[in-house]
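# Understanding the architecture of this molecule
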Amino acid sequence: MAAAFPILNSQWPIVCLGVGIAVYFYFERRSLTRKLSGVPTVGSSGLIGSCIDSILHFSHNDKHVMDGYRKHKGSLFKIALPNVWNVIVCSPDLLDDFRRAPENEMSIFFGIGEAFESEMVKGLDTLDHKLASFHVQAIHAGVTRNADTKFPDLLDEIQAAFDDICPGDDWNTFPAYETISRVLLRVNNRYFVGLPLCRNQPYLDLARSFMIGSVISGLVCQYLPVIVRPLVNYIYSPMTTTVQKVMKYTGPIIEERMKMEKQAMPNDLITWLVQEAPPQQRNAFHITQRLMFLNMAASTSASSSITYGLFHLATHPALIGPLVEEATRTIGEKGWSKSSLDSMRLLESFERENLRYHGAGVLTMNRLVVKPGGFTFRNGVTVPEGTLVSAAEQATHYDPEYYEDPETFDIYRFLDKVSDKMPRRISTPDPTYLIFGLGRQACPGRFYAAAVIKAIWTYIFLNFEFKLEHSSMEKPPMQLILGAHFVPNMKAKIMFRRKKSPIAA
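As a starting point, this report considers the structure included with it. For clarity, every value in this text was computed on a predicted model and none was experimentally measured.

Rules used in this analysis
- Residues numbered from 1 in each chain as written.
- Predicted model: local features only at pLDDT ≥ 70, side-chain atom pairs only at ≥ 80, totals over all residues.
- Heavy atoms only, no water.
- Helix = DSSP H or I, 4+ residues; strand = E, 2+ residues; numbered from the N terminus.
- Buried < 20%, exposed > 50% of the residue type's maximum accessible area, 1.4 Å probe, protein only.
- Contact = heavy atoms within 4.5 Å.
- Pairing = 2+ DSSP bridges.
- Axes fitted to C-alpha atoms, helices over the stretch in contact; angles between N-to-C directions.
- Salt bridge = Lys/Arg side-chain N within 4 Å of Asp/Glu carboxyl O.
- Parallel < 35°, antiparallel > 145°, perpendicular 65-115°, else oblique.
- Left-handed = near helix turned anticlockwise from the far one by under 90°.
- Expected span 1.5 Å × (residues − 1).
- Lys, Arg positive; Asp, Glu negative; His and termini not counted.
- Polar contact = N/O pair within 3.5 Å; in protein donor to acceptor, adjacent residues only side chain to side chain.
- Core = buried A, V, L, I, M, F, W, Y, C linked by side-chain atoms within 4.5 Å.
- Nonpolar A, V, L, I, M, F, W, Y, C, P; charged D, E, K, R; others polar.
- Phe/Tyr/Trp six-rings, centres within 6.5 Å; stacked < 30°, edge-to-face > 60°.
- Lys NZ or Arg CZ within 6 Å of the ring centre and 35° of its normal.

The helix and strand tally for the protein stands at 18 helices and 12 strands. Every one of the 505 residues in the protein was classed for burial, and the buried ones make up 55%. Considering only intrachain contacts with a sequence separation of at least 6, the fraction spanning at least 24 residues in the protein is 76%.

Listed below in C-alpha cells is the structure:
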C-alpha cells in the first residue's frame, strides 16, 4: 500500500496536520481577541506575540499577573493562554459581580473542565447545574454537617497515620509533601469511605494516581490547542481508566447502597453522593468519579498548606513555641474535640496567615462564562461566552492596601490587638482573602478542610519535634510555579521525632 501511495512514506501527513492546527489556531485566536478588545492586555495582543506570551506564562505567570494587577487595579485585564484569553478581575466591586453570578452564568464546574479537560463535563449541558455539580449538594448535606459527629474518626486516623510514618522514638526523615499528602489521603478517606477501605493500600495508590494524573493532564492540556487536547487527555488523564480500576473497590459498595433504605445507609460520602446524584448519574461509575475528584480537591490544597507551614516553622523555630503552648493548654483543659480546636486563637491566625502568605496559586475562582450572550460586569464590560475568568489571588494577598508589610510571615497578623476576640476563621472568605473563593461559589468543603488542617497541626504540635533535613537553611525551600499553580518543593525532606511526653489523641 505504501508503494502505491508514496505520500504515506513522506512527512506530508505531519506537515498537513501542523498546518491545519496552525490555521485553526489563527482563526480561533483572532475571533477571541476581537470579542475581548475592550479588555486591556498584559503582554502582546498580536497573534504571534500572544502565543509566545502564553508559553512564557507557564513559568512566569506570577510576574505577569502581578504586573497586570498593579497597572489595572480596580478593573479587568487579560493574559494569553494557548486557546483562550484569561480575563482577570482585580476590583472588589467587580469581584462582587463575580461572586453573585449563578452557576448557569459563570460556572465553576465547567471552569475546572476548561483548565483540566475533564471528562466529567463532556456531554453535559452547561446550563444544567444539577448534572454538573451534584457533588456540591453532597458536601453541604453530608461532609459539612457531620464534622462534629465524625471528628473522633478523623482524630483516630491522624494518629494511626503518624504511627505508621514515625514508628519509633528516633528521628524519622521523609519527603515532606509526599508524606503529608499520604496522611491527608488516609484521613480524608476515613471520613469519605470509612474503615477498612481507607487503609487499603491498593485503593489509596489508585486515589493518589488519580490526583497526580489529573494535575499533569490539566497542566499539559491547559497549554495546548483545543483540538490536540483529546489525544493528550487520552494518554495522561486518569478520569476514565483509573476510575474503572477504583470501581473494583467502590462498585460493590455503591451498588449495595443504592438498594438500601435511606435510614439504613452508613454516614459517609458514598451515601451522600448516592442520595444527591441525579438519575442519569446515579451509578457506580459517576459516583466513583466524583469520589476521586473530591479526594483530589480535599487532599492537594491541604497537603500543600501543611507542607508550606512545616517548612516555614522549621526555618523560624521561634514561632513554634507559642503554638505548642496554646495547643498544650487548650487540649489539657478541654480535651480533644472540634470545639477545642475552634477555640485556639493563635492557631486560627497562624493558619489563615499560612494560607494567605503561601496560597494555592497565582489565580483563583476560575469560572467559565456559560451564559449565552456573555456576562456583563457593572462597569459595562461584557465577557463573551466560553471565556475563562479568574481572580488575582496572589496579588490580592500581597497588596499593601489590604495587608501591612505583606511580604512578612506574621502568625499574629489576624489576632485582635486589644481583645481576646476570635480572629476571622480560616474558612471565612472576603474580597482580600481569596484562598477558598468568594460568595455562593466559595469552596463548599472549606469548613471540613479547616477542621482537618487544625486537627493535624494540633496533633503535630503536641506529639512531635520537627526540623528540615538540612537544618542550616535560613529560608523555606522554594516552591514551584507551574502556570497558575503553586507546588511545594518535592525534594525537600522534613525530620520528625516523637516528644518524650506526647499528648496522644
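This brings us to the sheet that holds strand E9 (residues 464–468). Two pairing modes exist for strands in a sheet, parallel and antiparallel, and in both the strands are linked by backbone hydrogen bonds. Pairing is antiparallel in the open sheet, where three strands are placed in the order E4-E12-E9. The two strands at the open ends of the sheet, each matched to only one other strand, are strand E4 (172–175) and E9. Direction aside, neighbouring strands of the sheet carry axes that sit 30° apart on average. Where E4 lies against strand E12 (residues 493–498), four bridges are found, and the strand directions are antiparallel.

This model, assessed by the stated rule, comprises 28 salt bridges. Salt-bridge contacts for Arg186 lead to Asp164; the nearest nitrogen and oxygen are separated by 2.6 Å. Here Asp164 lies in helix H7 (residues 151–165) and Arg186 lies in helix H8 (residues 176–192), a separation of 22 residues in the sequence. Where Glu325 meets Arg329, a salt bridge forms, and the shortest distance between an N and an O atom there is 2.7 Å. Of this pair, Glu325 and Arg329 both sit in helix H14 (residues 320–334), four residues apart, roughly one helical turn. Glu325 gets classed as partly exposed once you look at its relative accessible area, which sits at 43%. Each of Asp153, Asp156, Glu157, Asp164, Arg186, Arg190 and Arg199 takes part in one network of salt bridges that share partners.

Okay, the packing of helix H11 (residues 241–259) against helix H12 (residues 269–276) next. One can describe the packing of H11 onto H12 by two numbers: an axis separation of 10 Å at closest approach and a directional angle of 55°. When the interaxial angle is binned, H11 and H12 end up oblique. Crossing hand, H11 versus H12: right-handed. Counted together, Ile253, Ile254, Arg257 and Met258 of H11 and Ile270, Thr271 and Val274 of H12 form the full contact between these two elements.

With 17 residues, H8 should cover 24 Å at 1.5 Å per step; its first-to-last C-alpha distance of 24 Å lies within 8% of that length. Summarising burial for H8: 15 of the 17 residues are buried, a large majority. Phi for Gly194, located one or two positions after H8, is positive at around 75°.

Here the focus is the pairing of strand E1 (residues 76–80). Along any regular strand the residues' side chains alternate between the sheet's two faces. Taken across its five residues, E1 has five buried, putting it largely inside the fold. Sheet topology note: the E1/strand E2 (residues 85–89) ladder contains five bridges and is antiparallel. Along E2, the bridge assignment pairs Ile79 with Asn86.

Among the residues making up helix H3 (residues 92–100), those that are buried are Leu94, Leu95, Asp96, Asp97 and Phe98. Among the structural elements, E1, E2, strand E3 (106–107), strand E5 (364–369), strand E6 (375–376) and strand E8 (388–391) are those in contact with the buried residues of H3.

Within the element layout of this structure, Glu393 appears in helix H17 (residues 393–397). The side chain of Glu393 sits in the buried core without any salt bridge; Arg356 is the nearest counter-charge, 10 Å away. Side-chain polar atoms of Glu393 contact the backbone nitrogen of Ala360, separated by 2.9 Å. Excluding anything up to four places from it in sequence, Glu393 contacts Gly359, Ala360, Gly361, Val362, Leu363, Thr364, Leu434 and Ile435.

Take the sheet that holds E1 next. With mixed pairing, five strands are arranged side by side in an open sheet as E1-E2-E8-E5-E3. Only two strands of the sheet have a single partner each, and these edge strands are E1 and E3. With four bridges joining them, E2 and E8 adopt parallel strand pairing. Counted as the bridge partner of Ile88 is Ser390 from E8. The strands touched by H3 are E1, E2, E3, E5 and E8; relative to E8, the strand with the most contacts, the crossing angle is about 125°.

Ranked by internal contacts, the top residues of the largest apolar core, which has 89 residues, are Trp457 and Phe496. With 14 residues, the single largest contributor to this core is helix H13 (residues 284–315). Setting aside residues up to four positions removed in sequence, Phe496 forms contacts with Phe162, Cys166, Asp170, Trp171, Asn172, Phe174, Leu310, Ile460, Phe464, Glu465 and Phe466. Within the second largest apolar cluster, 22 residues are counted, among which are Leu36, Phe98, Met365 and Val383.

Right, let's get into the packing of H13 against helix H18 (residues 446–463). For the pair H13 and H18, interaxial distance at closest approach is 11 Å and the crossing angle is 35°. Where H13 crosses over H18, the handedness of that crossing is right-handed. From H13, Ala298, Ala302, Ser305, Ile306, Gly309, Leu310 and Leu313 reach across to H18, where they touch Tyr448, Ile453, Ile456, Trp457, Ile460 and Phe461. Split into classes, the residues belonging to the contact of H13 with H18 amount to 11 nonpolar, two polar and no charged.

Under the counting rule described, the total for this entry stands at 21 aromatic pairs. Ring plane angle 50° and centroid distance 5.2 Å describe the contact between Phe464 and Phe496, whose orientation is recorded as tilted. With a gap of 32 residues between them, Phe464 in strand E9 and Phe496 in strand E12 connect regions that are remote in the sequence. On the basis of relative accessible area, Phe464 is assigned to the buried category, the value being 2%. Judged by its relative accessible area of 0%, Phe496 falls in the buried class. Ring pairs connect the aromatic residues Phe162, Phe174, Trp336, Tyr459, Phe464, Phe466 and Phe496, which therefore count as one cluster. A cation over a ring is seen here: Lys150 above Tyr191, with NZ or CZ 5.4 Å from the ring centre. Here the guanidinium or amino end of Arg352 rests over the ring plane of Phe414, the centre of that ring lying 5.1 Å away.

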